[in-house]
Amino acid sequence: MSRIFSGFAPPRILAFVLGAIILGVYQGFWRPVLLETRDYGDAVPLLLAAGCSLILGYTLAMLIWLVRQTRGQLFETFRPSRARLIAAVCLAAVTPVLVVNWMPIVAGLALVPSRGFSIDHVFWFSQFVLAAYPVAAMIVRHTFERRLLRFGMFVLCFWSVYACHLLWRGILNFVI
C-alpha cells in the first residue's frame, strides 16, 4: 500500500478508483434526487459527470498525497511565508463560490471596488484565505522546484471546486 503513495506526484491509480466511486455514488444516489426535484439544478449528463468525478478523484488523491508528505513536517509546512500567503490569496481569489449557468463566480470578485466594496467583502475574503491556506501551504512546500506540478495542483483546486458545484447542484441553477 505504501508503494501506491510513494513518488513525486499524486497516485493516479488511487485517483481513478476514487473517481469511479464518486461516479457510482452520483449515478446511483444523487442523480435520481436531482431528476426528481426542481429545487436544485438539472442533473449533469453522464459523460460530464464522469469527467467531473475523475477531477474530484484526482483532487482527493492529491490531498491524501499532500497530507502523507506533510507527516512529521507540520511546523515547516504551515509556517507562514510570503510564497504561502501569496498562494493562499491567489487560491482564494480564483476559487468558485457559485456556479450560475455554467459560469463560475469566483471569490475575488468580491474585492473589485466597482461592485460595491464593503468591509463584509474583506471579512469573507479573509475567511476564504484562511480556509485555502493549509492546501496552498502544502502545495508550495511539497512542489519545491517543480513549478509545473505546482501550477497543475492549483489549477486542479479550481476545477475540483467547479466540478463539485456541477455535480452537487446541477448545471443550470445554483440556489443557496
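Below is a short write-up of the structure. (Residues numbered from 1 in each chain as written. Predicted model: local features only at pLDDT ≥ 70, side-chain atom pairs only at ≥ 80, totals over all residues. Heavy atoms only, no water.)

## Considering a nonpolar patch on the surface
Rules: Patch membership is restricted to residues that have no salt bridge and whose relative accessible area is over 30%. Joining uses 9 Å for like charges and 5 Å for the nonpolar side chains Val, Leu, Ile, Met, Phe, Trp and Tyr. Working definition of accessibility: Shrake-Rupley area with a 1.4 Å probe, residue cover restricted to the visible protein chains. For this analysis, a salt bridge means a side-chain nitrogen from Lys or Arg found within 4 Å of a carboxyl oxygen belonging to Asp or Glu. Per the convention used, a helix needs a DSSP run of H or I reaching at least four residues, while a strand needs a run of E reaching at least two, with both numbered from the N terminus.
A contiguous nonpolar patch, built from I13, F16, V17, I21, V25, F29 and L54 and spanning about 720 Å² of accessible area, is present on the exposed surface. For the nonpolar patch, the element with the most residues is helix 2 (residues 12-36), which contributes 6 residues. Inspection of the secondary structure puts F29 in helix 2.

## Topic: the environment of A87
Our working rule: Throughout, a residue-residue contact means that at least one pair of heavy atoms, one from each residue, lies within 4.5 Å.
In this structure, A87 sits in helix 5 (residues 82-94). Separated by 46 residues in sequence, A87 and Y133 place their C-alpha atoms 7.8 Å apart. Not counting residues within four places of it along the chain, the set of residues in contact with A87 comprises A136, V140 and F154.

## Digging into helix 2
Side chains of residues three or four places apart in an α-helix project in the same direction, reflecting 3.6 residues per turn. Applicable threshold: Expected helix span is given by 1.5 Å per residue-to-residue step, counting one fewer step than there are residues. One axis fitted to the seven residues ending at a residue, another fitted to the seven starting there: the angle between these axes is the bend at that residue.
The first and last C-alpha atoms of helix 2 sit 35 Å apart over 25 residues, in line with the 36 Å expected at 1.5 Å per residue. Residue Q27 marks the point of greatest curvature in helix 2, where the axis turns by about 45°.

## Overview of the side chain of T70
Position of T70 among the secondary structure elements: in helix 3 (residues 46-70). Setting aside residues up to four positions removed in sequence, T70 forms contacts with T77, F78, M138 and H142.

## Examining the packing of helix 3 against helix 6 (residues 119-142)
Spelled out, the test is: Think of each axis as a best-fit line through the C-alpha atoms, taken over the contacting stretch in the case of a helix, with angles from 0 to 180 degrees between the N-to-C directions. Working rule for angles: under 35 degrees goes down as roughly parallel, over 145 as roughly antiparallel, 65 to 115 as roughly perpendicular, anything else as oblique. Crossings are sorted by hand: turned counterclockwise from the far helix by less than a right angle, the near helix makes the crossing left-handed, and turned clockwise it makes it right-handed. Put simply, Ala, Val, Leu, Ile, Met, Phe, Trp, Tyr, Cys and Pro go in the nonpolar bin, Asp, Glu, Lys and Arg in the charged bin, and everything else, Gly too, in the polar bin.
At a closest axis distance of 10 Å, the pairing of helix 3 and helix 6 adopts a crossing angle of 70°. Classified by the interaxial angle, the pair formed by helix 3 and helix 6 is roughly perpendicular. Here helix 3 and helix 6 pass one another in a crossing that is left-handed. Note on element contacts: helix 6 touches helix 3 through V135, M138, I139 and H142, opposite L63, W65, L66, V67, Q69 and T70. Here the residues of the contact of helix 3 with helix 6 are counted per class, giving 7 nonpolar, 3 polar and no charged.

## Quick notes on the packing of aromatic side chains
Spelled out, the test is: Each Phe, Tyr or Trp ring, with Trp reduced to its six-membered ring, pairs with another whose centre is within 6.5 Å; inter-plane angles below 30 degrees give stacked pairs, above 60 give edge-to-face pairs, and intermediate values give tilted ones. Only protein chains enter the accessibility calculation, which uses a 1.4 Å probe. A residue is then buried if its area is under 20% of the maximum for its type, exposed if over 50%, and partly exposed in between.
For the coordinates displayed, the defined rule picks out 6 aromatic pairs. Residues F123 and W124 carry aromatic rings whose centres are separated by 5.3 Å and whose planes lie at 75° to one another, so their mutual orientation is edge-to-face. A relative accessible area of 43% places F123 in the partly exposed class. Among the aromatic residues, those joined into a cluster by ring pairs are F29, W30 and W168.

By themselves, these figures tell us nothing about what the structure is for.
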